[in-house]
Structures are given as C-alpha cells and as structure tokens.
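Each chain, letter by letter, is given below.
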Amino acid sequence: IKKQQQDVLGFLEANKIEFEEKDIAANEENRKWMRENVPEDSRPASGNPLPPRLFNDSRYLGDYEAFFEARENNAVYAFLGLTAPPGSKVGVYISHKQP
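On a predicted model such as this, the values are computed, not experimentally measured, just so you know. (Residues numbered from 1 in each chain as written. Predicted model: local features only at pLDDT ≥ 70, side-chain atom pairs only at ≥ 80, totals over all residues. Heavy atoms only, no water.)

1. Observations concerning the overall build of the chain
The condition that has to hold: Helix numbers and strand numbers start at the N terminus; a helix is a DSSP run of H or I with at least 4 residues, a strand a run of E with at least 2. Between buried and exposed lies partly exposed: a residue is buried under 20% and exposed over 50% of the maximum accessible area for its type, with that area taken using a 1.4 Å probe on protein chains only. Residues count as neighbours in contact if any of their non-hydrogen atoms are within 4.5 Å of one another. Only the protein chains shown count as covering a residue, and every accessible area follows the Shrake-Rupley method with a 1.4 Å probe.
Along the chain, the regular secondary structure elements total four helices and two strands. When the elements of the chain are put in sequence order from the N terminus, they spell out α-α-β-β-α-α. By the burial criterion, 28% of the 99 residues in the chain qualify as buried. If you take every contact in the chain between residues at least 6 apart in sequence, the share linking residues at least 24 apart comes to 31%. Accessible surface, the chain: about 7300 Å² in total, of which carbon and sulfur atoms supply 48%.

2. Some details on the environment of Glu65
For Glu65, the position within the fold is in helix 3 (residues 64–72). The exposure class assigned to Glu65 is partly exposed, which follows from its relative accessible area of 48%. Linking Glu65 and Pro52, residues 13 residues apart in sequence, is a C-alpha distance of 9.5 Å.

3. Brief notes about helix 2 (residues 28–37)
To be explicit about the condition: Our arc is simply the arc of the directions from the helix axis toward the C-beta atoms. Counted as a polar contact is a pair of N or O atoms within 3.5 Å, where, for protein atoms, one must be capable of donating a hydrogen and the other of accepting one, and residues adjacent in sequence contribute only when both atoms are in side chains.
Among all positions of helix 2, only Asn30, Arg31 and Met34 are buried. Along the axis of helix 2, the buried positions cluster into a sector of 100°, meaning they face one direction only. The exposed set on the far side of helix 2, more than 90 degrees from its buried face, consists of Glu29 and Glu36. Put simply, Asn27 is the residue that caps the front of helix 2, since its side-chain oxygen is 2.9 Å from the backbone nitrogen of Glu29.

4. Thoughts on helix 3
Those residues of helix 3 that sit buried are Tyr64, Phe67 and Ala70. Projection of helix 3 onto a plane perpendicular to its axis shows the buried side chains occupying an angular sector of 125°, all on one side. Exposed side of helix 3, more than 90 degrees from the buried face: Glu69 and Glu72 are the residues found there. Those residues of helix 3 that are buried are in contact with helix 1 (2–14), strand 1 (53–56), strand 2 (59–63) and helix 4 (76–80). Taken from the residues just after helix 3, Asn74 is the one with a positive phi, measuring 55°.

5. What about the environment of Pro49?
Mapped onto the secondary structure, Pro49 falls in the loop between helix 2 and strand 1. Note on Pro49: relative accessible area 5%, which makes it buried. Here the alpha-carbon distance between Pro49 and Glu36, two residues 13 residues apart in the chain, equals 9.8 Å. Discounting residues that sit within four places of it in the chain, Pro49 has contacts with Met34, Arg35, Val38, Arg43 and Pro44.

Note that every value here comes from positions in space, so none of it alone points to a role or purpose.
Have a look at this one:
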C-alpha cells in the first residue's frame with residue numbers, strides 16, 4: 001500500500017498537480033468518509049476498501065490499478081478529470097485500429 005501511495009504522490013508532485021492527501025490511518029473521520037464515498041461496485045468482496053483511492057472533490061475516480069492503467073495509457077489527466085497542460089505528454093489517450 002505504501003509503495004502505491006508513494007507512486008501516486010510522486011506522479012502528482014512531479015507533474016505539479018495540486019492535491020490534498022487525507023490520512024485514513026490516523027484520522028477516523030477521513031477513514032469513514034473514504035469508506036462511504038467508494039461506490040459499492042468498487043469495494044472488495046470482503047473488508048473495507050484499501051488506499052490509495054483517488055477522488056476529484058467527492059467524485060470517486062478509482063483505485064491504484066485504475067490510476068496505473070491511466071498512466072500507462074497516457075490518460076492520467078482525463079482520469080483525474082483535469083485538462084492536460086499545453087505540450088504535455090500526459091494527455092488524452094486515443095485508441096485506434098490499424099488499417
């Protein structure tokens with residue numbers, strides 16, 4: 001979990017994307033908020049959702065796997081619900097089939 005959190009935070013910091021980190025280990029209110037705001041279909045079959053979980057305000061975006069996939073497809077800004085800065089390599093991923 002710690003490595004995944006560091007991966008997400010490192011990416012956000014490197015790309016100068018503003019974010020707010022919420023500690024769910026030391027803050028019961030943050031833990032409760034996360035549990036309540038992760039959609040039912042994104043929760044594990046048993047237990048509670050584990051971090052990192054990404055949100056844009058209160059809109060749930062996904063877990064680490066979804067973030068990782070978006071990053072691999074150069075679609076992180078779209079995943080985060082943000083507009084990519086001009087000249088950014090991390091923009092919207094467009095898929096197309098070869099003729």
